[in-house]
Amino acid sequence: MSDYLPNEVIIDILKRLPADSLIRCRCVCKSWYSLISTPHFITTHLNFNLSKPKTQHQLLFRHYDLNLRKHRITLHSSNDPFPRDHFSKYLNYSDPAIHMRLLCLDLEVENKGGFFAYPSDFIELDCSHESINQISTIVGSSKGQMSTIVGSSNGLLCLSHLLRNDSQYQDLYGLWNPSIHKEIFLPVRLHSHRHYALAHGFGYDPATDEYKLVRVVYIDGIVPPQVEMYTLRSGVWRYLTGPGPANVIADHTLSVFTNGVVHWLAQTPNDEGNIRNVIVVFDIGHEVFDEMPVPKSLEGMEHLNMEVGVVDGLLALFPCNGSEWDLEGEESYSIWVMREYGVVESWTKLFDIDVGVRRVVGFTKNGKVLVIKGANLLSYEPSTQKIFNPHIRSQTESFYLNAYVESLVLLNVADGE
């Protein structure tokens, strides 16, 4: 049938299919295999998915399952990823003992294993080929293993694994697209046994259709640091010759990519010799560093335990207020957003989170905040200060939440190492 249809019509039909269906469609004939594998179709399919209504958008959630002893990656509604009726919808309301069942629901849910023991309201991704697990297999029982998600863009996840031993540092990276069950490993980076801090950023340059990973390496604490970049199209690492940041980004500080720019929190001495908090920015397209001021009230404060993030598409800061501190290291946090990107005067404080928490994980489209209290993930409603417990427990650093879009990125890339 495709022989009788114009190529534009075929593309218009195929771009509406999910990624796994398109993988199967490549087996129909040679012409479809070639068409679906082209950069043009991959971009067309991605743009179609990005143009869908926000109600159809999803969030990617990662955590380490303490019971199963493995990383789990799941997809959730961006509006309400952990709905309050997730557990109660399973109850039989015609049951004469329904009131007793409702009273015992929390205990029953916890005993059964929490949110993910009830198979609805989420989609579990196949992590059998996930870089985090494969890298752990590659390095075996080596000392000092630490796996993180550096960032994600257009359905592509960048994963990092830092290996420390007695003689050198070894950094392993993978780019993984769960939609097409494909990943590639990047060339290994080696360093001598010299103390250094390391920061990562990952992003996409639409002008060149290029995915880039940037590494900021402080060897012996020297500023400016050494800056390296990996580009997916070239498949190689290179050193950036332009000036690096004149600030100190703490070791493995989390980064955020938005508005074509990678953002890290950093510190630099001011004219009086005191510490000044700033945001280091790296333009992915132009490959240049700059800095962006934080709100004046946060500029000179120490021990903020502050993170950078995104709230409803706006650059955000999550500083702890330092007014509440308990034995579990939980504090009161504030949420700030930059209402007009790049305009310092537009920093606005939205609200305080008035319950002691360890970390702010992310936000939902309906305004709820996902936070960590103890080892529990909680959903916090700012307007009512109500908390919903989906009964998900893990280490604080294992939680990751970001926007997700299905894509074919990596489909036309040769397998890496």
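Model, not experiment: these values are computed from the prediction.

1. Side note on the overall build of the protein
Link 1 in the chain: Broken down by element type, the protein carries 8 helices and 25 strands.
Link 2 in the chain: The 417 residues of the protein split such that 49% are buried.
Link 3 in the chain: Across the protein, the fraction of contacts at a sequence separation of at least 24, relative to all contacts at a separation of at least 6, is 51%.
Link 4 in the chain: Split by element, the accessible area of the protein, about 20200 Å² in all, is 53% carbon and sulfur.

2. Examining the confidence of the model for the protein
Link 1 in the chain: Residue-level pLDDT values for the protein average 84, and 84% of them are 70 or greater.
Link 2 in the chain: In the predicted structure, residues 135-146 sits below a pLDDT of 50 and forms 28 contacts with residues beyond four places in sequence or in another chain.
Link 3 in the chain: The low-confidence segment residues 323-327, where pLDDT is below 50, has 7 contacts with residues more than four positions distant or belonging to other chains.

3. Focus on the pattern of salt bridges
Link 1 in the chain: Enumeration according to the criterion identifies 14 salt bridges in this entry.
Link 2 in the chain: For the salt bridge of K212 with E287, the shortest nitrogen-to-oxygen distance reads 2.8 Å. Here K212 is found in strand β10 (residues 210-219), whereas its partner E287 is found in the loop between β15 (275-283) and β16 (288-293), with 75 residues between them in sequence.
Link 3 in the chain: With a relative accessible area of 21%, E287 lands in the partly exposed category.
Link 4 in the chain: The network of salt bridges with common partners includes D12, K15 and R16.

4. A closer look at the sheet that holds strand β24 (residues 386-388)
Link 1 in the chain: The strand order β21-β22-β23-β24 describes an open sheet built from 4 strands, whose pairing is antiparallel. Looking at strand neighbours, the two that pair on one side only are β21 (359-363) and β24, the edges of this open sheet. Geometrically, the sheet is characterised by an average inter-axis angle of 35° between neighbouring strands, direction not taken into account.
Link 2 in the chain: Both strand β22 (residues 369-373) and strand β23 (residues 376-381) contribute to a ladder of 5 bridges, which runs antiparallel. Following the sheet pairing, L370 is matched in β23 by S379.

5. As for the packing of aromatic side chains
Link 1 in the chain: All chains considered together, the criterion is met by 14 aromatic pairs.
Link 2 in the chain: Taking 4.5 Å as the distance between ring centres and 35° as the angle between the ring planes, the aromatic pair formed by Y204 and Y211 counts as tilted.
Link 3 in the chain: Residue class for Y204 comes out buried when judged on its relative accessible area of 14%.
Link 4 in the chain: Judged by relative accessible area, which is 5%, Y211 ranks as buried.
Link 5 in the chain: Put simply, the rings of F61, F82, F115, F116, F122 and F399 pair up and form one aromatic cluster.
Link 6 in the chain: Over the ring of W237 we find R215, and its NZ or CZ is 5.6 Å from the ring centre.

6. Side note on the pairing of β10
Link 1 in the chain: Most of β10 is tucked away: 9 of the 10 residues are buried.
Link 2 in the chain: Connecting the antiparallel pair strand β9 (residues 196-205) and β10 is a turn made up of 4 residues, with D209 showing a positive phi of about 55°.
Link 3 in the chain: As paired elements, β10 and strand β11 (residues 226-231) share 6 bridges and run antiparallel to each other. Within the sheet, the bridge partner assigned to L213 lies in β11 and is Y230.

7. As for the pairing of strand β2 (residues 70-77)
Link 1 in the chain: Buried residues dominate β2, accounting for 6 of its 8 residues.
Link 2 in the chain: In this structure, strand β1 (residues 58-65) lies alongside β2, joined through 8 bridges in antiparallel fashion. Paired with F61 across the strands is T74, a residue of β2.
Link 3 in the chain: What sits between the antiparallel neighbours β1 and β2 is a turn of 4 residues, in which R69 has the positive phi angle 55°.

Calculation rules
- Residues numbered from 1 in each chain as written.
- Predicted model: local features only at pLDDT ≥ 70, side-chain atom pairs only at ≥ 80, totals over all residues.
- Heavy atoms only, no water.
- Helix = DSSP H or I, 4+ residues; strand = E, 2+ residues; numbered from the N terminus.
- Buried < 20%, exposed > 50% of the residue type's maximum accessible area, 1.4 Å probe, protein only.
- Contact = heavy atoms within 4.5 Å.
- Areas by Shrake-Rupley, 256 points an atom, 1.4 Å probe, with all protein chains shown as cover.
- pLDDT = per-residue confidence, 0-100.
- Salt bridge = Lys/Arg side-chain N within 4 Å of Asp/Glu carboxyl O.
- Pairing = 2+ DSSP bridges.
- Axes fitted to C-alpha atoms, helices over the stretch in contact; angles between N-to-C directions.
- Phe/Tyr/Trp six-rings, centres within 6.5 Å; stacked < 30°, edge-to-face > 60°.
- Lys NZ or Arg CZ within 6 Å of the ring centre and 35° of its normal.

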